[in-house]
Amino acid sequence: MVLALACADIGTASIETLVVPVCADKRIHTDRTILAFLQTAKKLNEFSGEKNEEIIFYKPSGLKMKRVILEGLGKHDRIDAETLRAMAGKAVKRCIQLKLEAFHMMAPAFQSIKLDPPLMLSALMEGICLGNHLFDKYLEEKKQKPLKTVRLLVEAAAVQTYGRLPQRIETVCAGTALARDWVSMPPNDKRPEQFARLIVSQARKVKLPVRILSEAEMRRKGFGALLAVGAGSRSRPRMVIMEYKPNGARKTIAFVGKGVTFDSGGINLKPSASLDDMKMDMSGAAAVAAALITLARLKPKIHVIAALPIVENMPSGSASRPGDIIKSYSGKTIEIGNTDAEGRLILVDAMAYICRTYKPQTLVDLATLTGACVVALGEKIAGVFSEDDDLAEAIVASGQKTHERCWRMPLPQDYKEQLKSDFADISNMGSTRWGGAITAALFLSEFVKEARWAHIDIAGPAYAKKGEAYCDAGGTGFGVRLLCDLVDRLK
Ligand code: BES
Ligand code: ZN
Ligand code: ZN
């Protein structure tokens, strides 16, 4: 999509479709023609600017426009960046439904709402770009077509001042769209060998160095935990390593993403209802890979490494069993208490490998790790676990800015008790079913020694059962915008 800032005289411009966000209790536009129009419109008593209200006027008199769509924002003191994102996404969905190719949107006047101009414009543009994403690869007939062009109308000086913003937003949102596509893709088309190749082909497009470790290499290196999880599937496990290394970078940050292309639970087979949507168990890997591809285009001055352990967790005669004891890359032995707690097994091999090989100062992993985290925080908020206050706070702040919300959770050392095994160094399964998101995070913590580390459990927000303003049902791409923002805070 072409996204651009523009300036126009509303009174005389001939615009096919104009979208105007309207606040319920305050003027947020200064253009006289618009104000006069809104005044007449509100008199009809069918539209008051409340949140989610929408009304379309065709060929309004006094304006050279085919249609004007008013979108309600609600009360002034409740309007934040997310209100704008959602409104913009909703407007895009409406225009797609009307089979339009383009529209103009009138941005609220600067200072008319409590947001800095670049934040306000970014939120509007994010809503537009993200709302324009459709996942229709598997439909024979594409009933909906994404928009081709959206112009955001701002005051003349801003077209220059914020001229670079549209491209940045488009790049980041393209990253989110890429992650969404991968997550929504059916599991028969993204088995580990395939998913690894999909990542490589996208990375090549932005000239990002990427390497796939084969099963033989992983065996030689001693990725015992990862291989144990992959043992049941006909599709062999992979580890994808991506590296973004600009000249002059001083810090190294590493990302690890859980890439289970389908989580059946393994021999501890999940009940039918829990198998729904388990194609989304690679959302961490999708977000991390898409974030690296995005960073390669944004070019921040920081060295970023990513490791993506990719497996399919299946039951079969060659699958790992509960009771098996395996040797992880770190050297620690692990008793498999439950084959459905597979994410932590593949993550610790990737994390220990990254720490030993690249010695990053900071390590962040993203994983759809536990149902318990969804119980704790619901479907929209991710859990953040870290002993490092600065890192945890940076992640929470990035979450607030991007609305990929993150909530810090505790890492109580005494809960480690629950991971004791009678026969191995550690068990992958807590001895009680309570606090499962915490015991999972504590398990991971045992395998990171050198770097400061944070774990983000995205089991809730990675996938949407129901579509929303700027995200259809399916993969949400959660984590891409979060990590891109985080990198800026850490560089
Ligand atoms: N992939 C699941 C976690 C999950 C659940 C993600 C729901 C998204 C939605 C993970 O591998 C898993 O099965 N975790 C178990 C751990 C338990 C066996 C210790 C869980 O959460 O029940
Ligand atoms: Zn599982
Ligand atoms: Zn899983």
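Scope of this entry: the structure provided in the associated data block. Since we're looking at a predicted model, the values are computed, not measured.

1. Topic: the overall build of the protein chain
Reasoning step 1: Looking only at helices and strands, the protein chain has 15 helices and 20 strands in total.
Reasoning step 2: Taken over the C-alpha trace, the protein chain has a radius of gyration of 24 Å; the compact-globule value for 491 residues is 23 Å, and the two agree within 12%.
Reasoning step 3: Each principal axis of the C-alpha distribution contributes one length, and for the protein chain these read about 80 × 50 × 40 Å.
Reasoning step 4: Across the 491 residues of the protein chain, 59% fall into the buried class.
Reasoning step 5: Contacts in the protein chain between residues far apart in sequence, at least 24 positions, make up 77% of those at least 6 positions apart.

2. Concerning helix α10 (residues 283–298)
Reasoning step 1: Its 16 residues give α10 an end-to-end C-alpha distance of 22 Å, which sits within 8% of 22 Å, the value for a rise of 1.5 Å per residue.
Reasoning step 2: Across the 16 residues that make up α10, a large majority, 14, are buried.

3. Details of the site of ligand 1
Reasoning step 1: Every one of the 17 residues lining ligand 1 counts as a neighbour, but D263, K270, D281, D340 and G371 are closest to it.
Reasoning step 2: A distance of 3.2 Å is found between an oxygen atom of ligand 1 and a side-chain nitrogen or oxygen belonging to K258.
Reasoning step 3: Taking G371, its main chain carries an N or O atom lying 2.7 Å from an oxygen atom of ligand 1.
Reasoning step 4: Look at ligand 1: alone it shows 520 Å² of surface, and the protein chains cover 77% of it.
Reasoning step 5: Classifying every residue of the shell around ligand 1 by side-chain character gives six nonpolar, four polar and seven charged.

4. Regarding the side chain of S283
Reasoning step 1: Topologically, S283 is positioned in helix α10.
Reasoning step 2: In terms of polar contacts, S283 uses its side chain to reach the backbone carbonyl oxygen of M280, at 2.5 Å.

5. Details of the coordination of the zinc ion (ligand 2)
Reasoning step 1: Protein coordination at the zinc ion (ligand 2) comes from D263 (OD), D340 (O), D340 (OD) and E342 (OE), with a distance range of 2.0 to 2.2 Å.
Reasoning step 2: In this structure, the zinc ion (ligand 2) is surrounded by six donor atoms whose angles at the metal cover 71 to 169°, and the resulting shape is irregular.
Reasoning step 3: Each donor residue of the zinc ion (ligand 2) belongs to the same chain, with the gaps between them written as D-x76-D-x1-E.
Reasoning step 4: Separating the zinc ion (ligand 2) from the zinc ion (ligand 3) is a gap of 3.2 Å, which D263 spans by donating to each of them. With D263 in strand β10 (residues 259–263) and E342 in the loop between β13 (333–335) and α11 (343–358), this residue pair connects regions lying 79 residues apart in the sequence. Accessibility assignment for this pair places D263 and E342 in one class, buried.

6. Some points on the state of the cysteines
Reasoning step 1: In this structure the tally under the stated criterion is zero disulfides.
Reasoning step 2: Here C95 stays free of any disulfide, with the sulfur of C129 as its closest cysteine sulfur at 14 Å.
Reasoning step 3: When its relative accessible area of 0% is taken as the criterion, C95 is described as buried.

7. Description of the coordination of the zinc ion (ligand 3)
Reasoning step 1: Looking at the zinc ion (ligand 3), the protein donor atoms are K258 (NZ), D263 (OD), D281 (OD) and E342 (OE), and they sit 2.0 to 2.4 Å from it.
Reasoning step 2: If you look at the zinc ion (ligand 3), its six donor atoms make angles of 77 to 173° with each other, and the shape they trace is octahedral.

8. As for the pairing of strand β4 (residues 65–74)
Reasoning step 1: Within β4, nine of the ten residues are buried, which leaves the element mostly enclosed by the surrounding structure.
Reasoning step 2: In this sheet, β4 lies alongside strand β2 (residues 15–23) in parallel orientation, the contact comprising eight bridges. Along β4, the bridge assignment pairs V19 with I69.
Reasoning step 3: Pairing geometry for strand β3 (residues 54–58) and β4, over five bridges, is antiparallel. Across the sheet, F57 pairs through a bridge with V68, a residue of β4.
Reasoning step 4: Where β3 hands over to β4, the hairpin turn is made up of six residues, of which K59 adopts a positive phi near 40°.

So, how was this worked out
Residues numbered from 1 in each chain as written. Chains lettered and ligands numbered in written order. Predicted model: local features only at pLDDT ≥ 70, side-chain atom pairs only at ≥ 80, totals over all residues. Heavy atoms only, no water. Helix = DSSP H or I, 4+ residues; strand = E, 2+ residues; numbered from the N terminus. Rg over C-alpha atoms; globule rule 2.2 N^0.38 Å. Buried < 20%, exposed > 50% of the residue type's maximum accessible area, 1.4 Å probe, protein only. Contact = heavy atoms within 4.5 Å. Expected span 1.5 Å × (residues − 1). Near = heavy atom within 4 Å. Polar contact = N/O pair within 3.5 Å; in protein donor to acceptor, adjacent residues only side chain to side chain. Areas by Shrake-Rupley, 256 points an atom, 1.4 Å probe, with all protein chains shown as cover. Nonpolar A, V, L, I, M, F, W, Y, C, P; charged D, E, K, R; others polar. Donors = N, O, S within 2.8 Å, 3.2 Å for Na, K, Ca; no water. Tetrahedral: all angles 85-135°; square planar, octahedral: opposite > 155°, others 65-115°. Disulfide = S-S within 2.5 Å. Pairing = 2+ DSSP bridges.

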